[in-house]
Amino acid sequence: MMAPPDTPMAHDELAYSLRLDMGSCSLRQTIPCIRYQWMRLRKSSPTATVGSFYQHSRTHPTIPRQPEQQAALPGYRAELPQSEADIRAFDAAVRQLIAPTVQLLMDDIQGVKGAK
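How each quantity is defined
Residues numbered from 1 in each chain as written. Predicted model: local features only at pLDDT ≥ 70, side-chain atom pairs only at ≥ 80, totals over all residues. Heavy atoms only, no water. Salt bridge = Lys/Arg side-chain N within 4 Å of Asp/Glu carboxyl O. Helix = DSSP H or I, 4+ residues; strand = E, 2+ residues; numbered from the N terminus. Buried < 20%, exposed > 50% of the residue type's maximum accessible area, 1.4 Å probe, protein only. Disulfide = S-S within 2.5 Å. Pairing = 2+ DSSP bridges. Axes fitted to C-alpha atoms, helices over the stretch in contact; angles between N-to-C directions. Polar contact = N/O pair within 3.5 Å; in protein donor to acceptor, adjacent residues only side chain to side chain. Contact = heavy atoms within 4.5 Å. Patch = residues over 30% accessible without salt bridge, like charges linked within 9 Å, V, L, I, M, F, W, Y side chains within 5 Å. Areas by Shrake-Rupley, 256 points an atom, 1.4 Å probe, with all protein chains shown as cover.

Novice: Any details on the pattern of salt bridges? Residues and values, ideally.
Specialist: Per the stated rule, a full pass over the model turns up five salt bridges. As a salt-bridge pair, Asp 21 and Arg 35 come within 3.3 Å of each other at their nearest N and O atoms. Taken together, the residues Asp 21 in strand β1 (residues 15-24) and Arg 35 in strand β2 (residues 32-42) connect sequence positions 14 residues apart. Given a relative accessible area of 31%, Arg 35 falls into the partly exposed group. The partner of Arg 88 in a salt bridge is Glu 84, with the nearest N and O atoms 2.8 Å apart.

Novice: Describe the state of the cysteines, with residues and values.
Specialist: Taken as a whole and assessed by the stated rule, the structure comprises one disulfide. Disulfide pairing places Cys 25 opposite Cys 33 at an S-S distance of 1.9 Å. Sign of the S-S torsion, about 90 degrees for the bond between Cys 25 and Cys 33, identifies this disulfide as right-handed.

Novice: Describe in detail the pairing of β2, supporting the description with residues and values.
Specialist: Bridge analysis of β1 against β2 gives ten bridges, and the strand direction is antiparallel. Bridge pairing in β2 links Leu 20 to Tyr 36. Both β2 and strand β3 (residues 51-60) contribute to a ladder of nine bridges, which runs antiparallel. Counted as the bridge partner of Tyr 36 is Arg 58 from β3.

Novice: Hey, could you go over the sheet that holds β2 for me, with residue numbers and the actual values?
Specialist: If you walk across this open sheet you meet the three strands as β1-β2-β3, and the pairing is antiparallel. Taken across any chain shown, the strands that pair with only one partner, and hence form the sheet edges, are β1 and β3. Neighbouring strand axes in the sheet, compared pairwise and without regard to direction, differ in orientation by 15 degrees on average.

Novice: Give a description of the side chain of Thr 30 that names residues and reports values.
Specialist: Considering the arrangement of structural elements, one finds Thr 30 in the loop between β1 and β2. The class for Thr 30 is buried, based on a relative accessible area of 2%. Reaching out from Thr 30, the side chain makes a polar contact with the backbone oxygen of Glu 79 at a distance of 2.6 Å. Ignoring sequence-local partners within four residues, the contact set of Thr 30 consists of Ser 24, Gly 75, Tyr 76, Arg 77, Glu 79, Leu 80, Pro 81 and Phe 90.

Novice: I'd like a description of a nonpolar patch on the surface, backed by residues and values.
Specialist: A cluster of nonpolar residues, Leu 18, Leu 20, Met 22, Ile 98, Val 102 and Met 106, forms a patch on the protein surface that exposes about 490 Å² of accessible area. At the level of secondary structure, the elements contributing two or more residues to the nonpolar patch comprise β1 and α2 (84-114).

Novice: Hey, could you go over the side chain of Asp 108 for me, with residue numbers and the actual values?
Specialist: If you trace the backbone, Asp 108 turns up in helix α2. With a relative accessible area of 6%, Asp 108 lands in the buried category. Of note is the side chain of Asp 108, whose polar atom sits 2.7 Å from the side chain of Tyr 36. Of note is the side chain of Asp 108, whose polar atom sits 2.9 Å from the side chain of Arg 58. If near-sequence neighbours (up to four positions away) are discounted, Asp 108 is found in contact with Tyr 36, His 56 and Arg 58.

Remember, this is a structural readout, not a statement about activity or role.
Okay, here's the thing in structure tokens:
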């Protein structure tokens, strides 16, 4: 979720926002993925609204454009889940993506903090 423009924040305060999306990266097929955007928030002056400044954005796994390569991704199905078993299989595929995605996010965060 994005911070609303009227979020109370001093203009010299350091703040970050995380937008996280876990689900399918396609509306036509089932491609389990996790997407995130890591953004820096700031106000340019005491009276300005809160603005977000892009830091990192990532989708895990990276979704190739070619359909035959998409079909090789974990949890891929040519259709959307229809049955309870389909939904459980999709949830299991997304759960497998959590640990490596969290590691990517932490690497991005540490890279942002380390860069001066």
